[in-house]
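Take a look at the letters that make up each chain.
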Amino acid sequence: VAAGPLSYRNIERSVFAPVEEINEPFADYLYQSDILLTEEQVDNLLSADKDESNENDEDNNSVSSETTSDETRHHKRIKRKVKSNRRYKWSTKKPISYYISADLTAAKKQVIVSAVNFWQHHTCLTFREVETLEDSIDLIHFINGEGCFSGIGRVGGSQNVSVADGCEHLGFGIISHEIGHALGFWHEQARSDRDSFVEVRLVNIKPDKEGDFAKQAVNSIKTYDIPYEYGSIMHYGANSFAISQAFEALIAKNERFQQTMGQRTAPSFFDVYQVNRHYECLDKCSAAITSCQNGGYPNPKNCNKCICPTGFGGGLCSDPQTTQSENCGQRITATEDWQLLEASVGENLPWRPTENNPAVWKPVVCSWHITVV
């Protein structure tokens, strides 16, 4: 590594190894590359798959189904959903405690705090860092472990989120991803409806990794009718577990999103929305008169402000998304003559990587709203 300020140009490629490569030595102990399941969760997954298989067999073997039979199966599915979701949810009535191990580097600690603050700022959840590790209370324990992984949801007592060497260089996005697991969220491409949106190319996947592309049973993941999100922080990349980076394991059925899959920049608008739905955060603003536009919704931390989709900003999501870079995004009117859009980004920004702070890397998004008169 060359001396001087740390940047993408002078860091050895191995530093930015993907999570599946960092976690490879422990793959036998992890589900879908970075999830540490409890025995109960393993049993629940196997049971859900078995129940769904049996229900499909019943449907296939029945010439006709009585209404009462359909209703009974439906109620059983709903009951399992509610039980599963409530069991692993954190309380919104008190802060989620977390403890950062003393042997984590300053860079790791900084990116952890940045990711925690993001989820706290954009949802009704609150977090509290504790100074002592107590097994008697439920908390998230960030450890200097041997990989980048997390459990799913609140599992009880002290639960680990591992931040191994290399995880911090993947930045804010990967830690946000692991916290997403700890809040109860699975990988996006594990949704039961994923085959309508992506094709899994098994022929391009390493033979021992095919199981990492398994779908969840219908009653295992609650989607809240949120659209499938290619740009979710929880989605695999197109080349994840491929036999070579020259091959694609996942093919987006909407080809415009092929390069979007696997982004680890930051949680997407729908990632945040799903957390807010899962923890019933939107109820806090049920009486708000804020009229958010373009698909935005009131921020449960301040119902007078809106959480806006990417590209939109302002108090009501009616303006272009703003940045701290001059000329980066604005509202313009189309004319019969060509117009050149220019923006200078990357210099003199408060989040620019430095030698002492390589982890907090945030991209600059320039959004132009073009209207035709």
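Reading the values: the criteria
Residues numbered from 1 in each chain as written. Predicted model: local features only at pLDDT ≥ 70, side-chain atom pairs only at ≥ 80, totals over all residues. Heavy atoms only, no water. UniProt positions renumbered as here; feature names shortened; annotations may be inferred. Disulfide = S-S within 2.5 Å. Helix = DSSP H or I, 4+ residues; strand = E, 2+ residues; numbered from the N terminus. Buried < 20%, exposed > 50% of the residue type's maximum accessible area, 1.4 Å probe, protein only. Contact = heavy atoms within 4.5 Å. Polar contact = N/O pair within 3.5 Å; in protein donor to acceptor, adjacent residues only side chain to side chain.

Per an unreviewed UniProt entry, the recorded name for the protein is Zinc metalloproteinase, and the organism is Plectus sambesii. In the Subcellular location (unreviewed entry) part of its UniProt record, the protein is described as follows: "Secreted".

Evaluated as defined, the whole model comprises five disulfides. Residue pairing for Cys124: its cysteine sulfur links by disulfide to Cys281, the two sulfurs lying 2.1 Å apart. Its torsion about the S-S bond being -60°, the disulfide of Cys124 and Cys281 is classed as left-handed. Taken together, the positions of Cys124 in the loop between α4 (106-122) and β2 (127-129) and Cys281 in the loop between α7 (269-278) and β8 (297-299) put the pair 157 residues apart, joining distant regions of the chain. Of the two residues examined, Cys124 and Cys281, each falls in the buried class. Between Cys285 and Cys303 runs a disulfide, and the two sulfur atoms are separated by 2.0 Å. In this structure, the disulfide formed by Cys285 and Cys303 twists by about -85° around the S-S bond and is classed as left-handed. Here Cys285, found in the loop between α7 and β8, pairs with Cys303, found in strand β9 (residues 302-307); they are 18 residues apart in sequence, far enough to count as distant.

Here we come to the UniProt feature "binding site: Zn(2+)" (unreviewed entry) in the protein. The feature "binding site: Zn(2+)" (unreviewed entry), as given by UniProt, occupies His177, His181 and His187 in the numbering adopted here. With respect to the secondary-structure elements, His177 resides in helix α6 (residues 172-182). Those residues in contact with His177 that lie beyond four places of it in its chain are Asp34, His187, Ile233, Met234 and Arg264. Take His187: its relative accessible area is 2%, and that puts it in the buried class. Looking at His187, its side chain comes within polar contact range of the side chain of Gln32, at 2.9 Å.

As a further point, take the side chain of Thr123. Mapped onto the elements, Thr123 comes out in the loop between α4 and β2. Exposure remark for Thr123: the relative accessible area of 0% places this residue in the buried category. Only 3.2 Å separates the side chain of Thr123 from the backbone nitrogen of Leu125, close enough to count as a polar contact. Ignoring anything within four residues of it in the chain, the contact list for Thr123 reads Val272, Val275, Asn276, Cys281, Pro300 and Lys301.

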